[in-house]
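A structural walkthrough
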Amino acid sequence: MKTEIIKLDVNKPDWVRLDYAAEVLGNGGLVAFPTETVYGLGANALDEKAVSGIFKAKGRPSDNPLIVHISAVNELDKLVSGISKRGCMLMEEFWPGPLTLVMPKSDAVHGIVTAGLNTVAVRMPSHPIALALIKKAGIPVAAPSANSSGRPSPTCAEHVIDDLSGKVDVIIDGGRVEVGLESTVLDIISEPPVILRPGGVTLEQLRQLLGAVGTDPSLLTGVAGNVIPRSPGMKYRHYAPRARVIVIEGHLDKVVEEIIRLSVKYEEEGVRTGILATDETRERYRTGEIVSLGSRNNPGTIASNLFHSLRYFDDRDTEVILAEAVEGEGMGLAIMNRLNKASGYNIVRV
Ligand code: TXA
Ligand code: MG
């Protein structure tokens, strides 16, 4: 398949070629597009065959359900069997934006989208290109992150091209995304609602609006072998670069000491080592390739650089990545969820 790349300037919304991409979607094709979180790989959510193409292009296990993207709240009616008062409050506060709501599904949503679950995950992205594309296409758009299954989610079009070129019809290049990590997935059927995946909207923000909000116990530690995950995506080793990732957690000085010790050891062994540092610590390292994710005072920056840096290390054929843990509050919860997952829960506590 020939993949067409369409470059759009997010600041100059005369996106004539967006009509073509919308048409491709309407005709059952696959279109990768930027959202504010990460790039998504879209297909008509109501077209079973089109949706099956997503699983094929990504190599995604069929038991991992997709998020359906909409451009206006009234498009929800045909996707869900009812909207709770809590759902309305959340939409009013956080849509469009990085919050995905898990709701009871309607009969119109095919089981291939929801992996046979009786719920459907829906979100309204805030990225102007995503919104315009969905609106033009006039259909709900099923879209997982636009990476090959298991790899870090794409934060720019080059990542999508690396993973999916030749496997999808169109890739819209809208530049680098803003949030850099996926949306928060919130189950609003459970009482109280439960975060199944932390993301762009934080636990603290949700608690401020709703009061009690739970977090799935596996978010930072992974799903135990004998447990059925509440969100199928939890059980996969996601976000993994090719390198082995080791997360070092504890008092910051101890963390730095341990990373120095390990990087010296790996250097002696001739292992290509990368260090995921922060602005506060980067000067303290001497060995390995050092990348700062940003200041510890600005977790949003760290989040937006995380997948990007994991992919960067892949491009450099890095074999081991030593990553500093960050505080788990605010965006820190999503950062540590992704980092721990990328490491396959290879976490060293010092
Ligand atoms: O930010 C995002 O959410 C991006 C952009 C493209 O919108 N999309 C994304 O999709 O991250 P994906 O497929 O990579 O992740 C969807 C997650 C998976 O962990 C999946 O298991 C969960 O949402 N999910 C989807 N439907 C669900 C459902 N009905 N119940 C529970 N979890 C669900
Ligand atoms: Mg994904």
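Further up the page is the structure itself.
Fair warning: this is a prediction, and the values are worked out from it, not measured in the lab.

1. Considerations on the overall build of the protein
Within the protein, the regular secondary structure consists of 10 helices and 16 strands. Across its three principal directions, the C-alpha atoms of the protein cover 60 × 45 × 40 Å. Within the protein, buried positions represent 57% of all 350 residues. For the protein, long-range pairs separated by at least 24 residues make up 68% of all intrachain contacts whose partners lie at least 6 apart in sequence. Total accessible area computed for the protein in this model is approximately 14,600 Å², and 50% of it derives from carbon and sulfur atoms. With 38 positive and 43 negative side-chain charges, the protein shows a spacing of 3 Å between the two charge centroids.

2. Let's talk about the sheet that holds strand 4 (residues 67-69)
In sheet architecture, strand pairing relies on hydrogen bonds along the backbone and comes in two forms, parallel and antiparallel. Pairing in this open sheet of 11 strands is mixed, and the strands run 1-8-2-3-7-4-6-5-9-10-11 from one edge to the other. With one partner strand each, in any of the chains shown, strand 1 (4-7) and strand 11 (214-215) form the two edges of the open sheet. When strand 5 (residues 99-104) meets strand 9 (residues 184-187), the two strands line up parallel, connected through four bridges. Note that in strand 9 the partner of Thr-100 across the bridge is Val-185. Each of strand 2 (31-33), strand 4, strand 7 (141-142) and strand 8 (170-173) touches helix 5 (residues 128-137); the most contacted strand, strand 2, lies at about 150° to it. Contacting strand 5, strand 9, strand 10 (194-197) and strand 11, helix 7 (residues 203-210) runs over the sheet at an angle of about 35° to strand 9.

3. Describing the layout of surface pockets
Considered as a void within the structure, the largest pocket measures approximately 750 Å³ in volume. Residue lining of the largest pocket: 48 residues in total, with Pro-65, Ile-67, Val-185, Arg-197 and Ser-231 positioned closest to the centre. Elements with a contribution of two residues or more to the lining of the largest pocket: strand 4, helix 4 (111-114), strand 6 (119-123), strand 9, strand 10 and helix 10 (331-342). Sort the elements by how many residues they give to the lining of the largest pocket and strand 6 lands first, with four residues. Broken down by class, the residue content of the lining of the largest pocket amounts to 21 nonpolar, 18 polar and nine charged. The space that makes up the second largest pocket amounts to roughly 230 Å³. Lining the second largest pocket are 15 residues, with Glu-249, Ala-325, Val-326, Glu-327 and Gly-328 sitting closest to its centre. Those elements that place two or more of their residues in the lining of the second largest pocket are helix 8 (252-269) and helix 10. Considering only residue class, the lining of the second largest pocket consists of six nonpolar, four polar and five charged.

4. Here we look at a negative patch on the surface
Together, Glu-158, Asp-162, Asp-315, Asp-317 and Glu-319 give the surface a local cluster of negative charge. Considering the arrangement of structural elements, one finds Glu-158 in helix 6 (residues 157-164).

5. A short note on the packing of aromatic side chains
In this structure the tally under the stated criterion is one aromatic pair. When the ring centre of Tyr-266 is taken as reference, the NZ or CZ atom of Lys-265 above it lies at 4.7 Å.

6. Some remarks on the side chain of His-159
Take His-159: it is sitting in helix 6. We classify His-159 as buried; its relative accessible area is 8%.

7. Topic: the sheet that holds strand 13 (residues 273-277)
Pairing is parallel in the open sheet, where five strands are placed in the order 14-13-15-12-16. Of all strands in the sheet, those bounded by a partner on one side alone are strand 14 (289-292) and strand 16 (347-349). Each adjacent strand pair in this sheet contributes to an overall mean axis angle of 20°, direction not counted. Direction of pairing for strand 12 (residues 244-249) relative to strand 16: parallel, over a ladder of three bridges.

8. Focus on unusual backbone geometry
For the bond from Trp-95 to Pro-96, the omega torsion is -10°, close enough to zero to count as cis. Within the fold, Pro-96 resides in the loop between helix 3 (85-94) and strand 5. With a phi close to 55°, Ala-115 is a non-glycine residue in the positive phi region. Relative to the elements of secondary structure, Ala-115 occurs in the loop between helix 4 and strand 6. The exposure class of Ala-115 is partly exposed, given its relative accessible area of 27%. Its identity as a non-glycine residue notwithstanding, Asp-317 has a phi of 55°, on the positive side. Among the secondary structure elements, Asp-317 is positioned in the loop between helix 9 (299-315) and strand 15 (320-324).

9. With respect to the site of ligand 1
The immediate surroundings of ligand 1 are formed by 27 residues, with Thr-37, Asn-64, His-69, Ser-183 and Gly-233 found nearest. A distance of 2.8 Å separates an oxygen atom of ligand 1 from a polar side-chain atom of Asn-64. Burial of ligand 1 by the protein chains amounts to 97% of its free accessible area of 690 Å². With respect to the detected pockets, ligand 1 is housed in the largest pocket. Within the residue set of the shell around ligand 1, elements represented by two or more residues are strand 4, strand 6 and strand 10. The element that contributes the greatest number of residues to the shell around ligand 1 is strand 6, accounting for four residues.

10. Considerations on the pattern of salt bridges
If you walk through the whole model with that rule in mind, you get 17 salt bridges. We note a salt bridge from Asp-253 to Arg-284, for which the minimum N-O separation is 3.1 Å. Residue Asp-253 is located in helix 8, and its partner Arg-284 is located in the loop between strand 13 and strand 14; the two are separated by 31 residues in the primary sequence. Accessibility expressed as a relative area gives 38% for Asp-253, which makes it partly exposed. A relative accessible area of 37% places Arg-284 in the partly exposed class. Notably, a salt bridge pairs Arg-296 with Glu-324, separated by 2.8 Å at the nearest N-O pair.

The rules behind the values
Residues numbered from 1 in each chain as written. Chains lettered and ligands numbered in written order. Predicted model: local features only at pLDDT ≥ 70, side-chain atom pairs only at ≥ 80, totals over all residues. Heavy atoms only, no water. Helix = DSSP H or I, 4+ residues; strand = E, 2+ residues; numbered from the N terminus. Buried < 20%, exposed > 50% of the residue type's maximum accessible area, 1.4 Å probe, protein only. Contact = heavy atoms within 4.5 Å. Areas by Shrake-Rupley, 256 points an atom, 1.4 Å probe, with all protein chains shown as cover. Lys, Arg positive; Asp, Glu negative; His and termini not counted. Charge placed at Lys NZ, Arg CZ, Asp CG, Glu CD. Pairing = 2+ DSSP bridges. Axes fitted to C-alpha atoms, helices over the stretch in contact; angles between N-to-C directions. 1 Å grid on protein atoms, 1.4 Å probe; cavity = no way out; pocket = protein on both sides within 12 Å on 5 of 7 lines; lining within 4 Å. Points joined across faces, edges and corners; volume = space filled by probe spheres on them. Nonpolar A, V, L, I, M, F, W, Y, C, P; charged D, E, K, R; others polar. Patch = residues over 30% accessible without salt bridge, like charges linked within 9 Å, V, L, I, M, F, W, Y side chains within 5 Å. Salt bridge = Lys/Arg side-chain N within 4 Å of Asp/Glu carboxyl O. Phe/Tyr/Trp six-rings, centres within 6.5 Å; stacked < 30°, edge-to-face > 60°. Lys NZ or Arg CZ within 6 Å of the ring centre and 35° of its normal. Near = heavy atom within 4 Å. Polar contact = N/O pair within 3.5 Å; in protein donor to acceptor, adjacent residues only side chain to side chain. Sits in = over half its atoms within 2 Å of the grid points.

In short, geometric facts, not functional conclusions.
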